[in-house]
Amino acid sequence: MSPIEFDGSPTPTLGVEWEFALTDKVTGDLSNSAAALFASVEEHHPERLGKIHKELLRNTVELVTGVCRTTGEAVADLTDTLGVVRVLTEELGVDLYGAGTHPFAEYSTQLLTEGHRYAELIERTQWWGRQMLIWGVHVHVGISHRDKVLPILDSLLNYYPHLLALSSSSPMWAGQDTGYASNRAMMFQQLPTAGLPFQFETWDQFEAFVADQKTTGIIDQLNEIRWDIRPSPHLGTIEVRVCDGMTNLGELSAIVALIHCLVVDLDRRFSAGETLPTMAPWLVQENKWRAARYGLDAIVILDGQCREELVTDDLHRLLERLQPIARDLGCVDELAGVERIIAQGASYQRQRAVYRDTHSMRDVVASVVSELD
């Protein structure tokens, strides 16, 4: 069994990855134009190639930050890259679409990004793999030592439904309202190494798990473990992959700030000798389903004693408790955006309202695209 070295971050740094679909400006359908976009980036802005990444399908582009100290710095980094990309997408006749799923696209017309790794994934996962017309936001937070990683990760699962409910933006699929706030969360967990993480007590157990995965050919590389929250040892972070795609910078900054505060709060409590609260895997799983199904109307399980409460009521209390952390991290203003999401509604609610008014999935796409302005 090979050891997995964790390259710890001395401070709670921040990194954000924001996935976008590319949609045709005329039809609103997905556009397999990522290759043309990357060719344009390489020609006109080669210095940006490290911050604009390819993904599984040619309808997708991912914008990534460098290593940042604050939410404001991360958002400024993304905004800068976004400005460059939007000029290029305008020239290609496509828009950036930031929700978790597309309301009417057909998987059969989507093209795979060239590369052995992507082809192998589809060969293995077949129908489910080809269905992955999904987009999300991933947030990395630096952790100083590997012994902190698994306790923080396990405790962070208590807040899974809060993050998913706030970010839910994928209610529609293949021309229908699914009845779920986040159909993306339900779809992605069908891949063999995706979904909720296992809860390990020691790093040795995690290493043994990875060794089993490699021995049996389930994975070749550690990053092929696609959990909703996972250690990222080579970066020295915990990577939170819970969230649906986000349609605008305001909501992105609010949820990034919340994740940053949650991880730092748990880190400090663990470092102070506290045993961090956790819940049984079956309770965590139920919370994921409730948030995916009901979004901000979910009644969530709060603890191992099975107390329950409306997720927004628990969020109000959580935001108050995190204020000192937010001041330390310089994200008080951004964190306040969580209350605005609660008051004004999440993306899945806005999309449904557009469809209710217009009965047009194309108008839903246009509404999502317009929110990036």
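Note that the structure is predicted; figures quoted are calculated from it, not measured. (Residues numbered from 1 in each chain as written. Predicted model: local features only at pLDDT ≥ 70, side-chain atom pairs only at ≥ 80, totals over all residues. Heavy atoms only, no water.)

*Asks:* What is the right way to read the overall build of the protein chain from this model?
*Replies:* Counting its secondary structure elements, the protein chain contains 15 helices and 13 strands. Its C-alpha atoms give the protein chain a radius of gyration of 20 Å, near enough to 21 Å, the size a compact globule of 373 residues would have. With the C-alpha coordinates aligned to their principal axes, the bounding extent of the protein chain is approximately 55 × 45 × 35 Å. Per-residue burial for the protein chain yields a buried fraction of 57% across its 373 residues. Relative to all contacts within the protein chain whose residues are 6 or more apart in sequence, the contacts with residues 24 or more apart total 76%. Working note: accessible area of the protein chain is about 15500 Å², and carbon and sulfur atoms make up 51% of it. (Helix = DSSP H or I, 4+ residues; strand = E, 2+ residues; numbered from the N terminus. Rg over C-alpha atoms; globule rule 2.2 N^0.38 Å. Buried < 20%, exposed > 50% of the residue type's maximum accessible area, 1.4 Å probe, protein only. Contact = heavy atoms within 4.5 Å. Areas by Shrake-Rupley, 256 points an atom, 1.4 Å probe, with all protein chains shown as cover.)

*Asks:* Where do I start with the side chain of Glu334 in this structure?
*Replies:* Here Glu334 shows up in helix α12 (residues 332–335). Ignoring any residue separated from it by four or fewer positions in sequence, one finds Glu334 in contact with Thr71, Gly72, Ser253, Ala254 and Ala257.

*Asks:* Quick question: what am I supposed to make of the state of the cysteines here?
*Replies:* Two cysteines form a disulfide when their sulfur atoms are joined by a covalent bond. According to the stated counting rule, one finds zero disulfides in the structure shown. With no disulfide partner, Cys68 has as its closest neighbouring cysteine sulfur the one in Cys331, 13 Å distant. Here Cys243 is not disulfide-linked; the sulfur of Cys261 is the nearest cysteine sulfur, at 14 Å. (Disulfide = S-S within 2.5 Å.)

*Asks:* How should the packing of helix α10 (residues 311–321) against helix α13 (residues 337–344) be read in this particular structure?
*Replies:* Between α10 and α13, the least distance of the axes is 10 Å, while the angle of their chain directions is 160°. Taken as axis vectors, α10 and α13 run roughly antiparallel relative to one another. Crossing handedness for the pair α10 and α13: left-handed. For the pair formed by α10 and α13, the contact residues are Thr312, Leu315, His316 and Leu319 on the first element and Val338, Glu339 and Ile342 on the second. Each residue belonging to the contact of α10 with α13 can be placed in one class, and the counts come to four nonpolar, two polar and one charged. (Axes fitted to C-alpha atoms, helices over the stretch in contact; angles between N-to-C directions. Parallel < 35°, antiparallel > 145°, perpendicular 65-115°, else oblique. Left-handed = near helix turned anticlockwise from the far one by under 90°. Nonpolar A, V, L, I, M, F, W, Y, C, P; charged D, E, K, R; others polar.)

*Asks:* So what exactly am I meant to see when it comes to the packing of aromatic side chains here?
*Replies:* Aromatic rings in a pair are described by how distant their centres are and how their planes are angled relative to each other. Using the criterion set out here, one finds 15 aromatic pairs in the structure. Between Trp18 and Phe20, the aromatic rings sit 4.5 Å apart at their centres with planes inclined by 40°, giving tilted as the arrangement. The pair Trp18 / Phe20 is uniform in exposure class, with both members buried. Pairing Tyr180 with Trp289 gives two aromatic rings, centres 6.2 Å apart and planes at 85°, and the pair type is edge-to-face. One end of the pair, Tyr180, is in the loop between β7 (176–177) and α6 (183–188); the other, Trp289, is in helix α9 (residues 281–294), and 109 residues separate them in sequence. Trp289 sits in the partly exposed class, given a relative accessible area of 32%. The rings of Phe6, Phe198, Phe200, Trp203, Phe206, Phe209 and Trp227 are connected pair by pair, giving a single aromatic cluster. Positioned above the aromatic ring of Phe38, the side-chain terminus of Lys54 is 5.8 Å from the ring centre. (Phe/Tyr/Trp six-rings, centres within 6.5 Å; stacked < 30°, edge-to-face > 60°. Lys NZ or Arg CZ within 6 Å of the ring centre and 35° of its normal.)

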